[in-house]
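# Examining the three-dimensional arrangement
Listed here are the chains, written in short residue letters.
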Protein chains: 2
Amino acid sequence: MMANLHIATCQAPVNIAVVKYWGKRDEKLMLPVNDSISVTLSTDDLCTTTSIAASQLFKEDKLVLNGKVEPTNSPRIQNCLKSIQEAARNSGKSPVDPSWRLQICSKNNFPTSAGLASSAAGYACLVATLQALYKLEGNFSSVARKGSGSACRSMFGGFVRWRKGDKSDGSDSVAIQIAPASHWPEIRVIICVANDARKDTGSTSGMQRSVETSDLLRYRAEAIVPRRCDAMEMAILTRDFESFARLTMMDSNQLHAVCQDTYPPIRYMNQISWDIVSLVHRYNELVGANKLAYTFDAGPNAFLFCLDDDIPEVLQILKQAFPSNESDYIKGIYTTATAKTTPRSDELAKRVEPAPAESLKYMITTKIGNGPHEIQQHLCDSKGNTIP
Amino acid sequence: MMANLHIATCQAPVNIAVVKYWGKRDEKLMLPVNDSISVTLSTDDLCTTTSIAASQLFKEDKLVLNGKVEPTNSPRIQNCLKSIQEAARNSGKSPVDPSWRLQICSKNNFPTSAGLASSAAGYACLVATLQALYKLEGNFSSVARKGSGSACRSMFGGFVRWRKGDKSDGSDSVAIQIAPASHWPEIRVIICVANDARKDTGSTSGMQRSVETSDLLRYRAEAIVPRRCDAMEMAILTRDFESFARLTMMDSNQLHAVCQDTYPPIRYMNQISWDIVSLVHRYNELVGANKLAYTFDAGPNAFLFCLDDDIPEVLQILKQAFPSNESDYIKGIYTTATAKTTPRSDELAKRVEPAPAESLKYMITTKIGNGPHEIQQHLCDSKGNTIP
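Residues numbered from 1 in each chain as written. Chains lettered and ligands numbered in written order. Predicted model: local features only at pLDDT ≥ 70, side-chain atom pairs only at ≥ 80, totals over all residues. Heavy atoms only, no water.

## Quick word on the overall build of chain A
When its secondary structure is counted, chain A shows 9 helices and 17 strands. Relative to the 2.2 N^0.38 estimate, which gives 21 Å for 388 residues, the radius of gyration of chain A is 21 Å and therefore close to what a compact globule would have. Viewed in the frame of its principal axes, chain A has a C-alpha envelope of about 70 × 45 × 40 Å. When the 388 residues of chain A are sorted by exposure, 58% land in the buried category. The long-range share in chain A, meaning contacts at least 24 apart out of those at least 6 apart in sequence, stands at 78%. Summed over its atoms, the accessible surface of chain A is roughly 15500 Å², and 49% of this surface lies on carbon and sulfur atoms. Placing the 43 positive and 41 negative side-chain charges of chain A at their respective mean positions leaves the two points 4 Å apart. (Helix = DSSP H or I, 4+ residues; strand = E, 2+ residues; numbered from the N terminus. Rg over C-alpha atoms; globule rule 2.2 N^0.38 Å. Buried < 20%, exposed > 50% of the residue type's maximum accessible area, 1.4 Å probe, protein only. Contact = heavy atoms within 4.5 Å. Areas by Shrake-Rupley, 256 points an atom, 1.4 Å probe, with all protein chains shown as cover. Lys, Arg positive; Asp, Glu negative; His and termini not counted. Charge placed at Lys NZ, Arg CZ, Asp CG, Glu CD.)

Here it is as structure tokens:
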């Protein structure tokens, strides 16, 4: 074994906002114009794994992302590294000298082609692994935020609120846990991955353009989101799915309304996205309650929420409305076999014209999970080299 | 000739809003939540023609719309009839007794299948023809408004502002002319009629749902539209096409943003609409100025504005991006022969992938025109019967 080699490995989750983050008040420090609330998805189905090896023998920092060597000098990565290394120096108790060079190896367990925002899980995992390496305790979500704004929310499991903060140095712009995953374990998440190669406007440049040109964005941030975040927190704390679903859908719609109000306008939702929106509202109308909810980020993929009892019916309805011949069409904790015909799914099938086959690439079924955690299976060997 | 038969015939124009009307503060009186501004289109290409015959021998009111007998007892029609007949009684100078029954015959010179809002031209024509019949002078736009809100704007030619008014009886909610068509005769309008059979949410129920559920609508109406209307009026008065185009596009986008912020969300713009939006922004980017502008109402059809000098290039670009094999693809004041290749149209053709053929049904090319006017060719004969 290499002298003085230290190594730590963590897994960190993806999160999906139910009250959206859209717009920064400080581009460099990644300070948002409003609070946001997210749910953390189970790392069983979607996660980033990162190993970091530190040794005084390493000549330089090295980063391998999904098997590909990437530069380490991006401001986002450097901001994270420097903040944590400074904290390690200040703690004086770290077993690893913060001046040692690092070999960082990171990979996702989901296809990057899915268009699922992986940067939140990625930066949360980087920060969590650095915390583990340097043995630092505490809330480091504001450091993850400097990598990618929404990464701060992936530093906790369950239901998370990112407080926008008021200070200009961003020290109070942190994520806090509203409730752990165990508080409401019945919630299920279905990610509908759209078959669409179109290149979207990136979220960073998109939100920048919205801040510069949308009159509605500021009103949303100042007058609407504070109330909505409080209502959402209450819906979560009282496990009120009806309100959780309504607020989630309204806030997703408002994010995309702000994108349309941007000049030139930004469009993330395509025909398939709108077919899903329409299906969800028709289903809820038929049921007479909000049993299913959608939310969309900066892309056409839908994130659906429902309760575990309704999963067989909901999967059946999705299968009927978005047919596919792929054998592995439903991935994650449920499979195609879970889908079950019910009188309601039959009724809806009669009313809804199915989308063209393969409109969706696949669906990932998952649930709400915990925050970053350390694991013992490293991605690099005892010399710090990536395990192929 | 039938004893005491009086007959009058008018033509009235379609108008297209450049600052949008979306939301009523009074459903019955058709009072809007904000001012709006429109341009009136030439009746040469798009108009309603209405003849009204009055005789003491008629037993009952009769209405024939586009060759089909329709009931006359709808509140919208009755509101218009009663208001004008009361004014005729009060004037005391009308050659026609306001208690005589009417035979109303009305038709559009454009296909109703085009999905162009014909109710504005229709109610403006009804009111203008009643004015002609009863020989009433003055601004009767508030009466047209009771038929269909935006009809009040079709009571004038050129550039028109509908003042929302403040009074609860709606008497100050009237249209006024900003400038006649002759003020800026170079403006051209291209209506791109989308090939899409989808049934949209009607604008009446759509705006009602927006008023009830969209937080952004109220802010738009109170804080944004007043400023925008003043800026638009200034752009028109100074013939500043750059600003006219920018404000037109921004306000169209904001209308559709409010629709998306409605719950459940309303979607009028489809893939073809967005392809047009994208093409317009790419063209303007290439030119380095806003030479072309789009606006969308409660449907997927685009209304484009440009100046007459740019028409050959713009038509060429539209033909390339939205190919069609229809011989009569470009209707109105220009034809396919007007389209001319330029270095810029060549450049754009290289960058833009054409939409599938026949994505657009056809285009109507027109210009800004005058308000309602009386004509002598009646749609009904000397007995008051419809001429087939």
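So much for the structure itself; the text now carries on.
## Some thoughts on the packing of aromatic side chains
Residue and element names in this part refer to chain A. A full pass over the atoms with the stated rule returns 17 aromatic pairs over all chains. By way of ring pairs, the aromatic residues F159, W184, F241, F244 and F305 are connected into one cluster. Geometry around Y362 places K331 over its ring, the cationic atom sitting 4.7 Å from the centre. (Phe/Tyr/Trp six-rings, centres within 6.5 Å; stacked < 30°, edge-to-face > 60°. Lys NZ or Arg CZ within 6 Å of the ring centre and 35° of its normal.)

## As for the relation of the copies chain B and chain A
With an RMSD of 0.0 Å, chain B superimposes on chain A once it is rotated by 180° and translated 0.0 Å along the axis. Both copies of the chain, as the preceding transformation shows, are related through a two-fold rotation axis. Closest to the rotation axis within chain B is the C-alpha of A257 of chain B, separated from it by 2.0 Å. Both copies present the same face, since 100% of the interface residues in chain B are matched by interface residues at the equivalent positions in chain A. (Least-squares fit on C-alpha atoms with pLDDT ≥ 70 in both.)

## Some remarks on the interface of chain B and chain A
The partner chain A presents 29 residues to the 29 residues of chain B that form the contact. Across the chain B/chain A interface, buried area totals approximately 2700 Å², and carbon plus sulfur atoms make up 60% of it. Seen at the junction of chain B and chain A, the total is 2 salt bridges. For D215 of chain B, the salt bridge goes to R228 of chain A, with nearest N and O atoms at 3.9 Å. Taken together, the connections running from chain B to chain A amount to 4 residue pairs in polar contact (both at pLDDT 80 or more). The set of elements that each furnish at least two residues to the side of chain B that touches chain A consists of helix 5 (215-237), helix 6 (241-261) and helix 7 (271-287) of chain B. In terms of residue count, the dominant contributor to the side of chain B that touches chain A is helix 6 of chain B (9 residues). (Buried area = accessible area lost by both parts, 1.4 Å probe. Salt bridge = Lys/Arg side-chain N within 4 Å of Asp/Glu carboxyl O. Polar contact = N/O pair within 3.5 Å; in protein donor to acceptor, adjacent residues only side chain to side chain.)

## Here we look at the domain arrangement of chain A
Residue and element names in this part refer to chain A. What the domain assignment lists for chain A is domain 1 (5-181) and domain 2 (187-367). On a C-alpha basis, the centroid separation for the pair domain 1 and domain 2 is 26 Å. The interface is formed by 31 residues belonging to domain 1 together with 47 residues belonging to domain 2. Approximately 3100 Å² of surface area, both sides summed, lies buried where domain 1 meets domain 2, with 69% of it carried by carbon and sulfur atoms. Three residues stand out in domain 1 for area buried against domain 2, namely V18, K20 and W22, and they jointly supply 27% of the buried area on that side. If you look at where domain 1 meets domain 2, you find 3 salt bridges. Between D297 and K20 there is a salt bridge whose closest N-O contact spans 2.6 Å. Counting across the interface, domain 1 meets domain 2 through 11 residue pairs in polar contact (both at pLDDT 80 or more). Listing elements by their share of the side of domain 1 that touches domain 2, those giving two or more residues are strand 2 (15-19), strand 5 (36-40) and strand 10 (159-162). Residues that form the side of domain 1 that touches domain 2 fall into these classes: 16 nonpolar, 7 polar and 8 charged. (Domains from an automatic or database assignment. Nonpolar A, V, L, I, M, F, W, Y, C, P; charged D, E, K, R; others polar.)

## Topic: the environment of R153 of chain B
All names here are of chain B. Assignment of secondary structure puts R153 in the loop between helix 3 (141-147) and strand 10 (159-162). Residue classification places R153 among the buried residues on the basis of a relative accessible area of 3%. Sequence-wise, R153 and T248 are 95 residues apart; in three dimensions their C-alpha atoms are separated by 17 Å. The residues touching R153, leaving out its near neighbours within four places in the chain, are N15, A17, Y21, S36, S38, T40, V160, W162 and A175. Within the structure, the side chain of R153 is placed 3.2 Å from the side chain of S38, a separation counted as a polar contact.

## Notes on the sheet that holds strand 8 (residues 68-70) of chain A
Residue and element names in this part refer to chain A. Strand order in this open sheet of 6 strands is 8-7-9-6-1-17, and the pairing throughout is mixed. For this open sheet the edge positions go to strand 8 and strand 17 (373-375), each flanked by a neighbour on one side alone. The sheet shows a mean angle of 25° between the axes of neighbouring strands, direction not considered. Note that strand 7 (residues 62-65) and strand 9 (residues 101-108) share 4 bridges and pair parallel. Bridging from a neighbouring strand, V64 pairs with C105 of strand 9. Along the sheet, helix 2 (residues 119-134) contacts strand 1 (6-13), strand 6 (47-55), strand 9 and strand 17; its crossing angle with strand 1, the most-contacted strand, is approximately 145°. (Pairing = 2+ DSSP bridges. Axes fitted to C-alpha atoms, helices over the stretch in contact; angles between N-to-C directions.)

## Topic: the packing of helix 7 of chain B against helix 9 (residues 343-351) of chain B
Residues and elements named next belong to chain B. It is at 11 Å that the axes of helix 7 and helix 9 come closest, and there the two elements cross at 130°. As summarised for this structure, helix 7 and helix 9 are arranged oblique, according to the angle between their axes. With respect to the hand of their crossing, helix 7 and helix 9 are arranged in right-handed fashion. Contact with helix 7, carried on its side by L279, R282, Y283, L286 and V287, involves R344, E347, L348 and R351 of helix 9 and no other residues of that element. Here the residues of the contact of helix 7 with helix 9 sort into 5 nonpolar, no polar and 4 charged. (Parallel < 35°, antiparallel > 145°, perpendicular 65-115°, else oblique. Left-handed = near helix turned anticlockwise from the far one by under 90°.)

## Remarks on the pairing of strand 7 of chain A
Residues and elements named next belong to chain A. With 3 bridges joining them, strand 7 and strand 8 adopt antiparallel strand pairing. Note on strand 8: the bridge partner recorded for L63 is E70. Counting the residues between successive antiparallel strands, the hairpin from strand 7 to strand 8 contains 2 residues, one of them, N66, with a positive phi of roughly 50°.

## Comments concerning the side chain of S142 of chain A
All names here are of chain A. Topologically, S142 is positioned in helix 3 (residues 141-147). Taking relative accessible area as the criterion, S142 reaches 16% and is therefore assigned buried. Excluding residues within four positions of it along the chain, S142 makes contact with G170, S173 and V174.

## Digging into the pattern of salt bridges
Should their charged atoms come close, side chains of opposite charge can pair. All names here are of chain A. What the rule picks out here adds up to 34 salt bridges over all chains. A salt bridge links D251 to R220, with the nearest nitrogen and oxygen atoms 2.7 Å apart. Pair noted here: D251 is in helix 6 (residues 241-261) and R220 is in helix 5 (residues 215-237), with a separation of 31 residues, a long-range link. With a relative accessible area of 0%, R220 lands in the buried category. Three or more residues joined by partner-sharing salt bridges are found here, namely D35, R161, R163, D230 and E233.

## As for the sheet that holds strand 5 (residues 36-40) of chain B
All names here are of chain B. In space, the 4 strands of this open sheet follow the order 2-5-10-11, with antiparallel pairing throughout. In this open sheet, the two edge strands, each paired with only one partner strand, are strand 2 (15-19) and strand 11 (175-179). Averaged over all adjacent pairs, the angle separating strand axes in this sheet is 35°, with direction ignored. With 4 bridges joining them, strand 2 and strand 5 adopt antiparallel strand pairing. In the strand pairing of strand 5, V19 is matched with I37.

## Some details on the confidence of the model for chain A
This prediction gives chain A a mean pLDDT of 94; 97% of its residues lie at or above 70. Here the predicted complex scores 0.95 on pTM and 0.93 on ipTM. (pLDDT = per-residue confidence, 0-100.)

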